[in-house]
Amino acid sequence: MKKYDLIVIGSGPAGEKAAARAAYFGFQVAVIEKAPRVGGAGILTGTLPSKTLKETALYFSGKLDKGLYGVDRQFSRETSIGDFMFRKDFVTTSESNQMHNNLLRHKIDVYFGLGQFHDSKTVGVQKPDGDEEVLTADYILVSTGSYPYHPPNIPFDGKRVHDSDTILNLDRFPHTLAVIGAGVIGCEYATIFSTIGTKVFLVNSTDAILPFLDKAISQALVDKMNKDGVEILFNTSFDQIEVSADESQPIRIPLKSGRTLEVDMFLYAAGRCGNIRGLHCDRAGITLGPRETILVDTDYRTNVPHIFAVGDVIGFPALASISMDQGRIAVSNMFNVGDVKQFAKVYPFAIYTVPEVSMVGLTEEAAQKEGLDFCTGQARYGDMPRGKIMGTEDGLLKILFTREDLIVRGVHIMGNIASELIHYGLTLVQDQKTLHDVIATIFNFPTLHDLYKYACYDGLGNLAGRKLKD
């Protein structure tokens, strides 16, 4: 039995950063990974693959520059599924190798196999060849991520009936696709496949997509999706689907609205569960939450004082960006190294749809709940010289600010590279900057950051009851 200061179970973004941080401070660390390579869902089946497919879809479709220079470029219709998946496979392999090398560079021992608690300080590694290696440690960090939820009424087969993992392993393009669930994953894949020419039906049980977004941005995304051929079916669901053994026959989905969809492929993207299957948390005495998540306190400590958990396995917000810092902070808390022990309270969200959506701070609905006296301002990509150069007329940036002090409380963007543009908005909200601070800031010209300045002018105009443009 080998003894460590820390055992990390799971080598996704959270686990890798936690392990590297502990090793940096001189602790002996082991990482256990059940998959054949490191990276977890964030690298291998979730964050990076879907975002790479979005960029690939944009490239092959020419969506962002068709006709932009007065000539319609002719894109080949002979693009193969192998061509479509090439960059995704390259990125995931490259990043997984880089993460593995980082672990080895920090002199971290990596064990490939299924980690299982024997007790609260002992973990067995069930190796692919059937052997078991037993490890023990003063601290254990669970960062096993999550997996797609499988309702029992859906006959998943990984060929025509998919979850968000198997959709990455297609052997052909679907002609038509039904996507169930208008959350982040559902909306991203709906727009990706629509971009490459698949007819997409997005089925949602409520009357809005991405309900955490500002309603104006959510509606703008709905309008853009409709314009791009995604048919969104609100306020309906289904009880079962009918899948013929004959693959030439369509999948039939009788909806509760009375309509029946007939599609080539089906993607269920409505929920994920904590990935603790086979871990035997009961042997360690760990308290679990709903959907197989692990309950933790603000230090990421479970009810067992020397066992911590981070990342998707603890539930919301389940963002790779936050999971990485959760791992680092958990290590700081367990070893009391005097490093950062909490991350910033203000952080951005990004949805990698086509077009992207990103936000930070308060929505109008949240500001109303807090009883704030607020106002808003907007600017559109198509009104900015850089937007005209890029051909991104559909984009929109919206700021929300309090009337009394003009402090920016929220920023919401829909449009090209929204996930990049939001970081300036993050500094505004985090540092409580005012509209005048933004207007007094010099940006390169032409750039999309001018959106911020003109959204502020629009906000001042709304306060004054007349439109301003300086």
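Presented here is an overview of the structure given in this document.

Thresholds applied
Residues numbered from 1 in each chain as written. Predicted model: local features only at pLDDT ≥ 70, side-chain atom pairs only at ≥ 80, totals over all residues. Heavy atoms only, no water. Helix = DSSP H or I, 4+ residues; strand = E, 2+ residues; numbered from the N terminus. Rg over C-alpha atoms; globule rule 2.2 N^0.38 Å. Buried < 20%, exposed > 50% of the residue type's maximum accessible area, 1.4 Å probe, protein only. Contact = heavy atoms within 4.5 Å. Areas by Shrake-Rupley, 256 points an atom, 1.4 Å probe, with all protein chains shown as cover. 1 Å grid on protein atoms, 1.4 Å probe; cavity = no way out; pocket = protein on both sides within 12 Å on 5 of 7 lines; lining within 4 Å. Points joined across faces, edges and corners; volume = space filled by probe spheres on them. Nonpolar A, V, L, I, M, F, W, Y, C, P; charged D, E, K, R; others polar. Pairing = 2+ DSSP bridges. Axes fitted to C-alpha atoms, helices over the stretch in contact; angles between N-to-C directions. Polar contact = N/O pair within 3.5 Å; in protein donor to acceptor, adjacent residues only side chain to side chain. Salt bridge = Lys/Arg side-chain N within 4 Å of Asp/Glu carboxyl O. Right-handed = clockwise from strand over helix to strand, strands pointing away.

## Thoughts on the overall build of the protein chain
Each helix and strand counted, the protein chain has 13 helices and 21 strands in total. On C-alpha atoms alone, the protein chain measures out to a radius of gyration of 24 Å, which is about the 23 Å that the 2.2 N^0.38 rule sets for 470 residues. Counting only C-alpha atoms and orienting by the principal axes, one finds that the protein chain spans roughly 75 × 60 × 40 Å. When each of the 470 residues of the protein chain is scored for burial, the buried share is 50%. When contacts within the protein chain are restricted to residue pairs at least 6 apart in sequence, long-range pairs at least 24 apart make up 63% of them. Split by element, the accessible area of the protein chain, about 21200 Å² in all, is 50% carbon and sulfur.

## As for empty space enclosed by the protein
In this structure the tally under the stated criterion is 2 cavities of 30 Å³ or more. Considering only enclosed or pocket space, the largest cavity measures out at about 50 Å³ in volume. Considering the residues around the largest cavity, the lining is formed by Pro-148, Tyr-149, Ser-164, Ile-185, Tyr-268, Ala-269, Ala-270, Gly-271 and Arg-272. For the lining of the largest cavity, the per-class residue count stands at 6 nonpolar, 2 polar and 1 charged. Taken as a whole, the second largest cavity encloses approximately 40 Å³ of empty space. The wall of the second largest cavity is formed by Lys-63, Thr-191, Ser-194, Thr-195, Met-225, Asp-228, Val-230 and Val-354. No other element matches helix H5 (residues 184-195), which puts 3 residues into the lining of the second largest cavity.

## Some thoughts on unusual backbone geometry
Between Phe-316 and Pro-317 the backbone carries a cis peptide bond, its omega angle lying at 5°. Here Pro-317 is to be found in the loop between strand E16 (307-309) and helix H8 (320-335). Geometrically, the link from Phe-445 to Pro-446 is a cis peptide bond, its omega value of 0° lying close to zero. Tracing the sequence through the fold places Pro-446 in the loop between helix H12 (435-439) and helix H13 (450-464). For Glu-292, which is not glycine, the phi dihedral falls at a positive 60°. Positioned with a positive phi, Leu-406 is a non-glycine residue whose angle comes to about 60°.

## A short note on the sheet that holds strand E19 (residues 374-380)
Across the sheet, 5 strands lie side by side as E17-E18-E21-E20-E19; this open sheet has antiparallel pairing. Either end of the sheet is taken by a strand with one partner, and the two such strands are strand E17 (349-351) and E19. Between one strand axis and the next, the sheet turns through 10° on average, direction left out of account. Two elements, E19 and strand E20 (residues 396-402), share 7 bridges in a ladder whose sense is antiparallel. Bridged to Ala-379 within E20 is Leu-397. Across the sheet, H13 touches E19, E20 and strand E21 (408-414), and the angle it forms with E19 is around 135°.

## Here's the deal with the side chain of Thr-236
On the secondary structure map, Thr-236 appears in the loop between strand E11 (230-233) and strand E12 (251-254). Polar contacts involving the side chain of Thr-236 include one to the main-chain amide nitrogen of Ser-257, which spans 3.1 Å. Among all residues touching Thr-236, those that are not within four sequence positions of it are Val-203, Asn-204, Ser-205, Leu-255, Lys-256 and Ser-257.

## Side note on the pattern of salt bridges
Counted under the stated rule, the structure contains 24 salt bridges. A salt bridge links Lys-398 to Asp-214, with the nearest nitrogen and oxygen atoms 2.8 Å apart. Here Asp-214 lies in the loop between strand E10 (199-203) and helix H6 (215-227) and Lys-398 lies in strand E20, a separation of 184 residues in the sequence. Here Lys-398 and Asp-214 have matching classes, each one buried. The partner of Arg-252 in a salt bridge is Glu-262, and the shortest N-O contact between them spans 3.5 Å. Pair noted here: Arg-252 is in strand E12 and Glu-262 is in strand E13 (residues 260-263), with a separation of 10 residues, a long-range link.

## Side note on the pairing of E11
Sheet analysis places E10 next to E11, joined by 4 bridges and oriented parallel. Bridging across to E11, Leu-202 finds its partner in Ile-232. A crossover connection joins E10 to the parallel E11 through H6; in handedness this β-α-β unit is right-handed.

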